[in-house]
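# Survey of secondary and tertiary structure
Here's the letter readout for the chains.
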Amino acid sequence: MFRYISRRIIMMIPVLLGVVFVIFTILYFSPGDPARTILGVTATEQEVQMLSEELGLNDPYGVQLFRYLKDLLRGDMGRSYKNNKSVSAEILQRFPTTLLLATLSILFAAVIAIVAGIISAIKQYSVFDNIVTGFSLLGISIPNFWLGLMLIILVSLHWRLLPASGFYGPRYWILPLITNGVGYMAGIMRITRSSMLEVIRQDYIRTARAKGQREIVVILKHALRNAIIPIITLIGLQFGRALGGAVLIETVFAIPGLGKYLVDSISAKDIPVIQGGVLFLAFLFGVVNLCVDILYGFFDPRISSQYRRKKEKAVKMHAKQAN
Amino acid sequence: MQSKQTDRSRKNYSLWLSAWKRLKKSRMAMFGLALFAIICLGAIFADVIAPYPYDFQNLDETFQFPNANHWFGTDSVGRDIFSRILYGGRVSLQIGLVSVLISVTLGGSLGAIAGFYGGKTDNLIMRTLDILLAIPAILLAITIVTALGPGMFNLMLAIGVSSVPSFARIVRASILSVKEQEFVEAARLSGCNDAHIIFSHLVPNIMAPIIVQITLSMALAILSASSLSFIGLGIQPPIPEWGAMLSAGRAYIRNYSHIVLFPGLAIMATILSLNLLGDGLRDALDPRLKN
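Description of the structure in this document. Fair warning: this is a prediction, and the values are worked out from it, not measured in the lab. (Residues numbered from 1 in each chain as written. Chains lettered and ligands numbered in written order. Predicted model: local features only at pLDDT ≥ 70, side-chain atom pairs only at ≥ 80, totals over all residues. Heavy atoms only, no water.)

Tallying secondary structure elements over chain A gives 13 helices and zero strands in all. For chain A, the N- to C-terminal ordering of α and β elements is α-α-α-α-α-α-α-α-α-α-α-α-α. For 323 residues, the compact-globule estimate of 2.2 N^0.38 gives 20 Å, and chain A exceeds it by more than 25% at 25 Å. Considering only C-alpha atoms, chain A reaches an extent of 85 × 75 × 30 Å along its principal axes. The 323 residues of chain A split such that 48% are buried. The long-range share in chain A, meaning contacts at least 24 apart out of those at least 6 apart in sequence, stands at 71%. (Helix = DSSP H or I, 4+ residues; strand = E, 2+ residues; numbered from the N terminus. Rg over C-alpha atoms; globule rule 2.2 N^0.38 Å. Buried < 20%, exposed > 50% of the residue type's maximum accessible area, 1.4 Å probe, protein only. Contact = heavy atoms within 4.5 Å.)

Here it is as structure tokens:
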């Protein structure tokens, strides 16, 4: 298992370097003069030139990329063009909100969706199954930022039950959670249902039942454990979508997280912030993917044993040689 | 010889015909198809159907609730929301179509090359695409639009490029599943070059998953376009776009919620229709799911 995890971590490094390269390159070629952006229209040409020189903006592309990478390794993402604040400090201050929202939404969605998906697979074609299938079809099709607006209109403005904006405590979490959760729930329900349907027809489920195992154990231990890999895969992907989708949900509910920070800096063409924000979210996504891979190894003994077997083989070889 | 020819063409025909027959049996898929057809017709004939031009402002009739003159009401400068939704459909459908064309061409060829040649080529292409997959799609699109600037074509390009990896993966997997079959060997022995084998022999055999993916990706592309417009990165006013209409209407939700109700319903109806159609197509085209 340890070999498996460390291999995954090593495989992540070139991908992350590639991500930095791609994002840096795309933004490097964006039009506009950063020094002019910082100084404003009133600055003289000479001042703009001086600042460009000072920030190293006149250096060739390769030099700038290398410098960005070097700074990034020390945790420095440059300074905002708008207010000269350190981008990494601003991101570190904001990302817990975004991560909390994404994690809570996914957990909320996954728990309900997996339970509903299992029931709907066991009771295929029942009324409950039809409701779940219908809900997941609608849920996949609803744009979540619009659902958020509708919930604000109904729950906050009409019924005055919950606050419409901000993120200061559990009362503020409910609407964003539902808004975010519905789409993810719909997807997870679908995959749970179809994956469970595939598994519960297998022979080993019949065997488990035939040996008199209790139904709940058959479903949770024998069926779910074999159906869980595609579910986990989807949850991992949803997590990535939740991190990216933060730009929408945080705009709708005025949540002071990383997504809102990104959106606010787009209109100002604050490149270091956009670059840092996108890279940080991609990095978080990478960590989530790593966790998903580790969960694979945990749930599917075939994966981790691939690595164990190699080790055992080596031990056996060694023992043979010693003899 | 003559009869053999007709035989083959009939067989070929009946493959798609039987898929269509299966599709017709699915009520959900037919509902999706009908809904999508209505949305397309509304968008194509917007200038005939729409009671007002999309940018016609009537400052005497601002914030009207839905009524006989303005079916969906009017917005903050008195523009007819129904007309704007019809014209907005043009924009959304165009973006959906073109961006999917971009991703299917780019992603499809990359995936086909990777799957067909395997080995080092495969590794190089797929590892590069892994990098793009590591960036959440909407963030990649935001980065590209930031660099290129807002506008319809840039939006299409951004959305198209951000779904290249998923297309490449599907095409690659499908190519891998058919490339070892005898008809490929036969084509090679009869002297066909690689390009001919890929495009005339392999691609027609993997059309089913590609068609399904095109339908579902179009839904996703329309959603991404409206999302980007909603945060101010997509279509710029006064061109009507559903996401941009939502964004502009946000300021007035306290008293005039109809302004944001209808554009959202339009997005949802379009995505729902494409999802229903895509699911139906998957069941109809995938012979493994028969029975």
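Turning our attention to the packing of aromatic side chains. All names here are of chain A. All told, the structure shown has 20 aromatic pairs over all chains when counted by the stated rule. Here the aromatic rings of Y28 and F29 are separated by 5.0 Å at their centres, their planes lie at 85 degrees, and the arrangement is edge-to-face. For the cation-ring pair, R94 lies above Y261, with the distance from its terminal atom to the ring centre recorded as 4.3 Å. (Phe/Tyr/Trp six-rings, centres within 6.5 Å; stacked < 30°, edge-to-face > 60°. Lys NZ or Arg CZ within 6 Å of the ring centre and 35° of its normal.)

Before going further, it helps to spend a moment on the packing of helix α1 (residues 2-28) of chain A against helix α4 (residues 61-73) of chain A. Residue and element names in this part refer to chain A. Contact geometry for α1 and α4: axes closest at 11 Å, N-to-C directions at 130 degrees. One element, α1, and the other, α4, form an angle in the oblique class. For α1 against α4, the interelement crossing comes out right-handed. For the pair α1 and α4, contact is made by L17, V20, F21, F24, T25 and Y28 and by Y61, Q64, L65, Y68, L69 and L72, respectively. Partitioned by chemical class, the residues of the contact of α1 with α4 number 10 nonpolar, two polar and no charged. (Axes fitted to C-alpha atoms, helices over the stretch in contact; angles between N-to-C directions. Parallel < 35°, antiparallel > 145°, perpendicular 65-115°, else oblique. Left-handed = near helix turned anticlockwise from the far one by under 90°. Nonpolar A, V, L, I, M, F, W, Y, C, P; charged D, E, K, R; others polar.)

By the definition in use, this model includes 16 salt bridges over all chains. A salt bridge links A:R74 to A:D71, with the shortest nitrogen-to-oxygen separation between them at 2.7 Å. Between B:D75 and B:R84 there is a salt bridge, and its shortest N-O distance comes to 4.0 Å. In terms of burial, B:D75 and B:R84 fall into one category: buried. Here the residues in one salt-bridge network are A:R190, B:D279 and B:R282, joined through shared partners. (Salt bridge = Lys/Arg side-chain N within 4 Å of Asp/Glu carboxyl O.)

As a further point, take the layout of surface pockets. All names here are of chain A. Considered as a void within the structure, the second largest pocket measures approximately 860 Å³ in volume. Around the second largest pocket, the lining comprises 33 residues; the ones closest to its centre are L55, L57, Q64, Y81 and P272. Those elements giving two or more residues to the lining of the second largest pocket turn out to be α1, α2 (34-39), α3 (45-55), α4 and α12 (271-299). Considering every element that reaches the lining of the second largest pocket, the biggest residue donor is α4, with four residues. Broken down by class, the residue content of the lining of the second largest pocket amounts to 13 nonpolar, 13 polar and seven charged. (1 Å grid on protein atoms, 1.4 Å probe; cavity = no way out; pocket = protein on both sides within 12 Å on 5 of 7 lines; lining within 4 Å. Points joined across faces, edges and corners; volume = space filled by probe spheres on them.)

Unusually for a residue other than glycine, A:N84 sits at a positive phi of about 60 degrees. Secondary-structure assignment places A:N84 in the loop between α4 and α5 (87-122). Of note, B:F63 is a non-glycine position whose phi angle comes to about 55 degrees, a positive value. Mapped onto the elements, B:F63 comes out in the loop between α3 (46-49) and α4 (81-117).

Here the focus is a nonpolar patch on the surface. Residues and elements named next belong to chain A. A grouping of V111, I112, V115, I119 and F128 is seen on the molecular surface, where their side chains present a nonpolar patch of about 400 Å² in accessible area. Of all the elements, α5 adds the most residues to the nonpolar patch, at four residues. Locating V111 in the fold gives a position in helix α5. Here V111 falls in the exposed class, since its relative accessible area comes to 52%. (Patch = residues over 30% accessible without salt bridge, like charges linked within 9 Å, V, L, I, M, F, W, Y side chains within 5 Å. Areas by Shrake-Rupley, 256 points an atom, 1.4 Å probe, with all protein chains shown as cover.)

Now for the side chain of A:S136. Checked against the element boundaries, A:S136 lands in helix α6 (residues 127-141). The class of A:S136 is buried, set by a relative accessible area of 3%.

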